[in-house]
Amino acid sequence: MPSKEELEAARGKLLDDLLAPGLDVVFAGINPGLYSTAMGFHFARPGNRFWPALHGGGFTPRKFDPGEQHELLELGIGITNVVARTTARADELSKQELREGGEQLAAKMREFRPNWLAVVGITAYRTAFSRPRAVVGPQDERIGDTRLWVLPNPSGLNAHWTPAGLAEEFGRLRTAVINSQ
């Protein structure tokens, strides 16, 4: 558990992407939180429901801990963020930062060419990709050959989505990934 000083030292720092060419799916969080950057792992805050949803959706054979994220590459899964800058809360990001982050994320997808990009957070996706009416699920546009899917934010602060609902939505994406291979 990081100290207050370690958490504050993480502000504005970067968390390394977990990417490789040709992955099946890359999950893009909104941006790293202080806890995740201090720990050095994506979706690391206790209570974040990403890891249970990833397993519940059928992407992993068991629920991984954030410290096991490197094992995802062997499963064809990567992780990045829409905005690289670490903040305490996603609402600290400006709309301009999200739009610029969307452009940078698109450039990464053109470079690494995964089959799918799953943006984890509908509001961030709407702003970053100028799609104000987007809904959770598959999107019509692509980035090169990369298909797009939007997932709900798995943060424990997102009370609109239950753990079962998140797992179901991740499972819908998993089915699409399998069917596109």
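It should be noted that the structure appears before, not after, this text.
Note that this is a predicted model, so its numbers are computed, not measured.

A. Looking closely at the sheet that holds strand β5 (residues 146-151). A sheet is described by the order of its strands in space; here five strands give the open sequence β2-β1-β3-β5-β4, paired in mixed fashion. Among the strands making up the open sheet, the edge pair consists of β2 (77-81) and β4 (137-143). Taking the axes of each pair of neighbouring strands and ignoring which way they run, one obtains an average angle of 25 degrees across the sheet. Here four bridges tie β4 to β5, and the two strands are oriented antiparallel to one another. Among the inter-strand pairings, isoleucine 143 is bridged to a residue of β5, identified as threonine 146. Each of β1 (25-29), β2, β3 (116-120), β4 and β5 is contacted by helix α4 (residues 95-112), which is oriented at about 155 degrees to β2, the strand it contacts most.

B. Examining the environment of arginine 126 more closely. Following the sequence through the fold, arginine 126 ends up in helix α5 (residues 122-128). On the basis of relative accessibility, which here comes to 30%, the residue arginine 126 falls in the partly exposed class. Separated by 27 residues in sequence, arginine 126 and arginine 99 place their C-alpha atoms 9.4 Å apart. Non-local contacts of arginine 126, meaning those with residues more than four positions away in its chain, are made with Arg131, Pro132, Arg133 and Ala134.

C. Seen up close, the layout of surface pockets. Of the pockets and cavities examined, the largest pocket occupies roughly 990 Å³. Lining the largest pocket are 41 residues, with Ile30, Arg89, Ala90, Asn153 and Ser155 sitting closest to its centre. Sorting the residues of the lining of the largest pocket by element identifies α2 (34-39), α4 and α5 as the ones contributing at least two each.

D. Main features of the packing of aromatic side chains. Going through the model one piece at a time under the given rule, you end up with eight aromatic pairs. With centroids separated by 5.7 Å and ring planes inclined at 10 degrees, the aromatic side chains of phenylalanine 27 and phenylalanine 170 adopt a geometry described as stacked. Taken as a pair, phenylalanine 27 in strand β1 and phenylalanine 170 in helix α6 (residues 163-179) lie far apart in primary sequence, 143 residues in all. Judged by relative accessible area, phenylalanine 170 falls into the buried class, the value being 0%.

E. A look at α4. Taking 1.5 Å as the rise per residue, α4 with 18 residues should run 26 Å; its terminal C-alpha atoms sit 25 Å apart, in good agreement. Residues of α4 that are buried: Leu98, Gly101, Gly102, Leu105, Ala106, Met109 and Phe112. All buried residues of α4 project into a common sector of 145 degrees when viewed along the axis, lining one side. Those residues of α4 that are exposed and aimed more than 90 degrees away from the buried face are Glu103, Gln104, Arg110 and Glu111.

F. Quick look at the side chain of threonine 80. Tracing the sequence through the fold places threonine 80 in strand β2. Overall, threonine 80 belongs to the buried group, its relative accessible area being 0%. Looking at threonine 80, its side chain comes within polar contact range of the side chain of aspartate 17, at 2.6 Å. Apart from the residues lying within four places of it in its own chain, the contact partners of threonine 80 are Asp17, Leu19, Val26, Phe27, Ala28, Gly29, His42, Leu105, Lys108 and Met109.

G. Structural context of unusual backbone geometry. For phenylalanine 43, which is not a glycine, the phi torsion comes out positive at approximately 50 degrees. The residue phenylalanine 43 is located in the loop between α2 and α3 (50-56) in this model. Overall, the relative accessible area of 12% leaves phenylalanine 43 in the buried class. Its identity is not glycine, yet arginine 113 carries a phi of approximately 50 degrees, on the positive side. Counting through the fold element by element, arginine 113 comes out in the loop between α4 and β3.

Rules behind the numbers
- Residues numbered from 1 in each chain as written.
- Predicted model: local features only at pLDDT ≥ 70, side-chain atom pairs only at ≥ 80, totals over all residues.
- Heavy atoms only, no water.
- Pairing = 2+ DSSP bridges.
- Helix = DSSP H or I, 4+ residues; strand = E, 2+ residues; numbered from the N terminus.
- Axes fitted to C-alpha atoms, helices over the stretch in contact; angles between N-to-C directions.
- Contact = heavy atoms within 4.5 Å.
- Buried < 20%, exposed > 50% of the residue type's maximum accessible area, 1.4 Å probe, protein only.
- 1 Å grid on protein atoms, 1.4 Å probe; cavity = no way out; pocket = protein on both sides within 12 Å on 5 of 7 lines; lining within 4 Å.
- Points joined across faces, edges and corners; volume = space filled by probe spheres on them.
- Phe/Tyr/Trp six-rings, centres within 6.5 Å; stacked < 30°, edge-to-face > 60°.
- Expected span 1.5 Å × (residues − 1).
- Arc of directions from axis to C-beta.
- Polar contact = N/O pair within 3.5 Å; in protein donor to acceptor, adjacent residues only side chain to side chain.

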